[in-house]
Amino acid sequence: MIELWVVRHGERVDHKCKQWRAGPCERQFDPPLTPAGARMASATAARLARETAVVEKQPRTLLLASPFVRALATSAPIAACFGVPISIENGLSEGLRANHEFTGQPVLLTSHEAEAYLRAEIAPLCGISASGVVVDHSYQSVSQFPTFPEPRVAYFARYKETVRKILDKYPGYQRIIFVTHGCACCHAFFFFFFI
């Protein structure tokens, strides 16, 4: 039996500070977590650890995160807690819907840039060792990164197909943790329980 855990990223800076996008930001469509969001990520990792504390032998775990920095940052304390690398999965990306928050194609961090950022910026905020945050640079995403604009129906189809591909490609894992976005979490609920 496989356990599937779906985690929404922590509080993002542009939802707390509406002026963030108007300022000089390098990746306008990729806002980081707030300090409270980093604390939420740490609390989530602690909660997941408590959920599994009674298990004598920890199951083989695959940690997959959206390539957006807020999801990667949320996955960092989970990775440190479970001692697993973060695998960046393009198919778990935010939906690139026009008239939502995107006006163009987002520029995201490479896996090496993401690892450096998580170690330098997020590990201290979350109170975890930087050496415990590892990105799996060899991971090959099962889905391509979406192209802007992405209609809502295409986003849901992408997410569903990504989950199916992951389950087919990684049958040896007993636990898969998806760190993604709010809309994707809602879709996962419907996908697994109503379809």
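Just so we're clear, the structure is a prediction, and the values are computed from it rather than from any experiment. (Residues numbered from 1 in each chain as written. Predicted model: local features only at pLDDT ≥ 70, side-chain atom pairs only at ≥ 80, totals over all residues. Heavy atoms only, no water.)

(A) Quick look at the overall build of the protein. In terms of helices and strands, the protein carries six helices and four strands. When its helices and strands are written in sequence order, the protein yields β-α-α-β-α-β-α-α-β-α. Taking all 195 residues of the protein together, 50% fall into the buried category. Put simply, the protein shows about 9600 Å² of open surface, and 57% of that area lies on carbon and sulfur atoms. (Helix = DSSP H or I, 4+ residues; strand = E, 2+ residues; numbered from the N terminus. Buried < 20%, exposed > 50% of the residue type's maximum accessible area, 1.4 Å probe, protein only. Areas by Shrake-Rupley, 256 points an atom, 1.4 Å probe, with all protein chains shown as cover.)

(B) Representation of helix α4 (residues 111-126) in the model. Along α4, the largest kink reaches about 40° and is centred on L118. For α4, the full list of buried residues reads A114, E115, Y117, L118, I122, A123 and C126. Residues of α4 that are buried make contact with α2 (35-52), α3 (69-82) and β3 (86-88). Backbone geometry just downstream of α4 places G127 in the positive-phi region, at approximately 70°. (Bend = angle between axes of the 7 residues up to and from the residue. Contact = heavy atoms within 4.5 Å.)

(C) Region of the structure containing the nonpolar core. In this structure, L63, I78, I86, L118, I177 and V179 are the most contacted members of the largest nonpolar core, which totals 30 residues. At the level of secondary structure, the elements contributing two or more residues to this core comprise β1 (3-8), α2, β2 (61-65), α3, β3, α4 and β4 (175-180). The element contributing the most residues to this core is α3, with eight residues. Those residues in contact with I78, other than ones at most four positions away along the chain, are V7, T44, A45, L48, L63, I177 and V179. Of all hydrophobic cores here, the second largest spans 15 residues; its members include Y139, Y155, I166 and Y173. (Core = buried A, V, L, I, M, F, W, Y, C linked by side-chain atoms within 4.5 Å.)

(D) Here's a closer look at the confidence of the model for the protein. Chain-level pLDDT for the protein is 88 on average; 89% of the residues reach the 70-or-more range. Here helix α6 (residues 182-194) stands out as the least confident element of the protein, with mean pLDDT 64; β3 is the most confident, with 98. (pLDDT = per-residue confidence, 0-100.)

(E) Up close: the pattern of salt bridges. Scanning the entire structure with this criterion turns up six salt bridges. Between E51 and R47 there is a salt bridge, with the nearest N and O atoms lying 2.9 Å from each other. Here E51 pairs with R47, and both are found in helix α2, just four residues apart, close to one helical turn. A relative accessible area of 47% places R47 in the partly exposed class. Across the salt bridge formed by R158 and E150, the nearest N and O atoms sit 2.8 Å from each other. Summarising the burial analysis for this pair, R158 and E150 share the class buried. Linked by salt bridges that have partners in common, R12, D14, R70 and E94 make up one network. (Salt bridge = Lys/Arg side-chain N within 4 Å of Asp/Glu carboxyl O.)

(F) A look at the packing of aromatic side chains. This model, assessed by the stated rule, comprises five aromatic pairs. Between W5 and F82 the ring centres are 6.0 Å apart and the planes differ by 65°, which places this aromatic pair in the edge-to-face class. Taken together, the positions of W5 in strand β1 and F82 in helix α3 put the pair 77 residues apart, joining distant regions of the chain. By the burial criterion, W5 is buried, and F82 matches it. Measuring from ring centre to ring centre gives 5.5 Å for Y155 and F156, while their planes differ by 45°; the resulting arrangement is tilted. Of the residues examined, F156 reaches a relative accessible area of 23% and is grouped as partly exposed. (Phe/Tyr/Trp six-rings, centres within 6.5 Å; stacked < 30°, edge-to-face > 60°.)

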